Amino acid sequence: VDDDTPSTEVHDTAPPDVVTDSDLPAWGECPNAVFPDLSVVAGPGGEYAMPVVTIECTADEIVVTSNGMPGYTFVEMTPNGLEAHDYEWRVPLRPEMAAERTSIVNVLGTLGFTTTGLPIYGPTEGPQPAAEAFGDPVYNGLLDDCGGHTGFDADYHNHALRSDAACNLDSSYIVGYALDGFPIYNSVGCVDVACTETAVFHSGYVMTGDPTSNSWDAYTYDPAASAGGETNVLDECNGRVGPDGTYRYHATSTFPYVIGCHVGTATPQTGAAAQPMPPMGDPPPGGPPPGR
């Protein structure tokens, strides 16, 4: 790819701070502490509702409710508006890795949620406009500075994540959860249990085609060729087993940005949290609306 092509990186002003595993709730405990206080954020502005997120845990599940509103100024990146939604996500409190990983290639819709109560989508955009159908939304410049935009249903969602105060994820170690229950960490993590050494973890995907459309055809997982030969390269799902022996995904500055596949079994959601995931090539029910 020549130097005139758009960037496919989500730029951070500086690497996020590191919080060690010992600062987090123990495995299997309710992770209330990793959800930021949204009562002090600026909100999306104007007449828009402020973000509201609650978390509670049952014996087996993390239950997060949200109205899906960003805690920072809403920037119109698509022709779609912004409206509040009634989300309730339920994921395992003690997730388990499945015997086989589940592909998210060409899947549209919710794959997880942030600790600020926003849906997380994959690195694939919808069928409109036709010239950019199912392309990489970062590459195509469709996202705001926090890696999100609104979709067909005036729903704000993230395709990429930025650990930054402006995005309400400043210094956050766990920035979200996948629907299989495994946490999503920022790009910086501990290398050893005592956290005497930290590293920035990189995606193992390299661009081998044109991501303007059909993004998954334009990237190849090749850890040997990724990150300039760095050894701290993530697996195909964009995650790793941490020093405490538990699996975690990492948000990265390059494709697939958050999740590359599911290592566990995604929990079926209901209501607004079960955003439709039509297969590649199928527009939403009723035909594709204008824009994205």
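Since we're looking at a predicted model, the values are computed, not measured. For every chain, the first residue of the written sequence is number 1, and numbering continues from 1 onward in sequence order. pLDDT decides what is reported in this predicted model: residues at 70 or higher carry local features, side-chain atom pairs at 80 or more are listed and counted, and totals for whole chains, interfaces and linings draw on all residues regardless. With hydrogens and water set aside, each side-chain value is computed from the structure's full complement of heavy atoms.

J.: Teacher, can you tell me more about the environment of Cys-146 here?
T.: Where helices and strands are cited, they refer to DSSP runs of H or I of at least four residues and of E of at least two residues respectively, numbered from the N terminus. In this structure, Cys-146 sits in the loop between strand 6 (119-121) and strand 7 (148-150). A relative accessible area of 8% means that Cys-146 is categorised as buried. Remark: the alpha-carbon pair of Cys-146 and Leu-161, spanning 15 residues in sequence, is separated by 6.2 Å. Apart from the residues lying within four places of it in its own chain, the contact partners of Cys-146 are Tyr-72, Tyr-156, Asn-158, Ala-160, Leu-161, Arg-162, Ala-166 and Cys-167. Only protein chains enter the accessibility calculation, which uses a 1.4 Å probe. A residue is then buried if its area is under 20% of the maximum for its type, exposed if over 50%, and partly exposed in between. Contacts are assigned to residue pairs that have any heavy atoms within 4.5 Å of one another.

J.: How should the sheet that holds strand 3 (residues 87-92) be read in this particular structure?
T.: The sheet built from three strands is open, its strands ordered 1-2-3 with antiparallel pairing. The two strands at the open ends of the sheet, each matched to only one other strand, are strand 1 (53-57) and strand 3. Neighbour-to-neighbour, the strand axes of this sheet turn through a mean angle of 15°, independent of strand direction. Here the rule is simple: two strands pair whenever DSSP picks up at least two bridges between them. Here six bridges tie strand 2 (residues 61-66) to strand 3, and the two strands are oriented antiparallel to one another. Bridge pairing in strand 3 links Ile-62 to Val-91. Lines fitted to C-alpha atoms define the axes, with helix axes restricted to the stretch in contact, and inter-axis angles between N-to-C directions lie between 0 and 180 degrees.

J.: Sorry, what's going on with unusual backbone geometry here?
T.: One can expect most non-glycine residues to show negative phi and most peptide bonds to be in trans. With omega at -10°, the peptide bond leading from Gln-128 into Pro-129 counts as cis. Positionally, Pro-129 belongs in the loop between strand 6 and strand 7. Phe-255 connects to Pro-256 through a cis peptide bond whose omega is 5°. Its place among the elements puts Pro-256 in the loop between strand 16 (247-250) and strand 17 (261-262). Phi at Asn-168 is positive, roughly 65°, even though this residue is not glycine. Locating Asn-168 in the fold gives a position in the loop between strand 8 (156-158) and strand 9 (174-178).

J.: Please explain the confidence of the model for the protein as it appears in this structure.
T.: Caution applies to low-pLDDT regions: their predicted coordinates should not be interpreted in detail. Values of pLDDT, which run from 0 to 100, indicate the predictor's confidence residue by residue. The predicted model of the protein has a mean per-residue pLDDT of 87, with 84% of residues at 70 or higher. pLDDT under 50 marks residues 11-16. Its contacts with residues more than four places away, or in other chains, come to ten contacts. Here residues 277-292 is a poorly scored stretch, pLDDT under 50, and it has 35 contacts once near neighbours within four places are set aside; other chains count.

J.: I'm lost on the pairing of strand 2 in this one. Help?
T.: Every other side chain in a regular strand lies on the same face of the sheet, so the side chains alternate between the two faces. Inspection of the sheet shows strand 1 paired to strand 2 by five bridges, in the antiparallel sense. Looking at the pairing, Ile-55 lines up with Val-64 of strand 2. Counted along the chain from strand 1 to the antiparallel partner strand 2, the turn is three residues long.

J.: Before we go on, may I ask you to explain the packing of aromatic side chains in this structure?
T.: Both the distance between ring centres and the angle between the ring planes are used here to describe each pair of aromatic rings. Note on aromatic pairs: the rings of Phe, Tyr and Trp (six-membered ring only in Trp) are paired at centre separations within 6.5 Å, and the planes decide the class, stacked below 30 degrees, edge-to-face beyond 60, tilted for the rest. Under the counting rule described, the total for this entry stands at 15 aromatic pairs. An angle of 70° between the planes, with centres 6.0 Å apart, marks the rings of Tyr-72 and Tyr-156 as edge-to-face. Of the two residues, Tyr-72 is situated in the loop between strand 2 and strand 3 and Tyr-156 in strand 8; the sequence distance between them amounts to 84 residues. Comparing Tyr-72 with Tyr-156, the two get one shared label, buried.

J.: Which parts of the structure should I look at to understand the state of the cysteines?
T.: Cysteine pairs can be linked by a disulfide, which is a covalent bond between their two sulfur atoms. The disulfide definition used here is simple: a pair of cysteine sulfur atoms within 2.5 Å. What the rule picks out here adds up to four disulfides. Disulfide pairing places Cys-146 opposite Cys-167 at an S-S distance of 2.0 Å. One quick way to see it: the torsion about the S-S bond of Cys-146 and Cys-167 is about -90°, and its sign makes the bridge left-handed. With Cys-146 in the loop between strand 6 and strand 7 and Cys-167 in the loop between strand 8 and strand 9, this pair connects stretches of sequence that are 21 residues apart. For the residue pair Cys-146 and Cys-167, the accessibility class agrees, reading buried in each case. With its sulfur 1.8 Å from that of its partner, Cys-237 forms a disulfide with Cys-261. Across the disulfide from Cys-237 to Cys-261, rotation about the S-S bond amounts to roughly -95°, and the bridge is consequently left-handed. Of this pair, Cys-237 sits in the loop between strand 14 (219-221) and strand 15 (239-241) while Cys-261 sits in strand 17, and the two are 24 residues apart along the sequence.

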